[in-house]
Amino acid sequence: PTVAVDPQSRNKILEGIQKLNEQGSTIIYTSHYMEEVEQICTRIAIMDHGRVIASGTTEELKKMIKTGETITVEAILLEEKHLQDIRNLSHVFDVHYENQILSLRCTGAQHNLIRLLNYLQSQDITFGRVFSELPTLNDVFLELTGKQCFSSSAYYLLAIKIIQKGEDIPAGKSDFFERFLFLL
């Protein structure tokens, strides 16, 4: 419902949806906008080609993927030997280096950033900005489906149900709702 809507109107729409839920309404929300999903939804079902491939809370879904942390280091000059050493650091499973930007994905282990910084220091490698990010729902979708959420080749649906505080949708009201709720 927020496609091509200005930011203020978007916020009003999302606030209205949350208010309806707080008043006891069940909301079924579909979107490709992962930020909205994380902001307003308590239970999420990820669908790909009409099939539910995962469901749970945001945190439960994030625990389903291998990526626990993505670290990005800018303005860094590395040689192949350094890249190989970084690939061999504990819990690192993907390394990408291009245009003096290093990006690595790690499992959810603790101290991934510290291990990388210790290595860079031991090799006397200087660098610019450093970012450490936890996985997002977009990362979950990408890792589970292997596709970008906005792929032009097919329509991928992220379906969300905000868990109700009031009554269930009455039986027989809508086959869609019944099938969707059954899947969750």
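It is a general feature of regular strands that their side chains alternate between the two faces of the sheet. Counting buried positions along strand S4 (residues 69–74) gives five out of six residues, so the element sits mostly inside the fold. Judged from the four bridges that link them, S4 and strand S7 (residues 130–133) form a sheet pairing that is antiparallel. What sits directly across from Thr70, in S7, is Glu133.

On to the sheet that holds S7, then. Sheet strands associate in pairs through backbone hydrogen bonding, adopting either a parallel or an antiparallel arrangement. Strand order in the open sheet made by the four strands is S5-S6-S4-S7, with antiparallel pairing throughout. Each edge of the sheet is formed by a strand with only one pairing partner; in this case those strands are strand S5 (92–98) and S7. Within this sheet the neighbouring strands show an average axis-to-axis angle of 10°, counted without direction. In terms of strand pairing, S5 meets strand S6 (residues 101–106) through six bridges, oriented antiparallel. Following the sheet pairing, Asp94 is matched in S6 by Arg105.

The next thing to look at is the side chain of Glu69. Assignment of secondary structure puts Glu69 in strand S4. Of the side chains with opposite charge, Arg115 comes closest to the buried, unpaired Glu69, at an N-O distance of 6.8 Å. With sequence-adjacent residues up to four places away left out, Glu69 is seen in contact with Leu104, Arg105, Cys106, Thr107, Ala109, Asn112, Leu113, Ser132, Glu133 and Pro135.

The rules behind each value
Residues numbered from 1 in each chain as written. Predicted model: local features only at pLDDT ≥ 70, side-chain atom pairs only at ≥ 80, totals over all residues. Heavy atoms only, no water. Buried < 20%, exposed > 50% of the residue type's maximum accessible area, 1.4 Å probe, protein only. Helix = DSSP H or I, 4+ residues; strand = E, 2+ residues; numbered from the N terminus. Pairing = 2+ DSSP bridges. Axes fitted to C-alpha atoms, helices over the stretch in contact; angles between N-to-C directions. Lys, Arg positive; Asp, Glu negative; His and termini not counted. Salt bridge = Lys/Arg side-chain N within 4 Å of Asp/Glu carboxyl O. Contact = heavy atoms within 4.5 Å.

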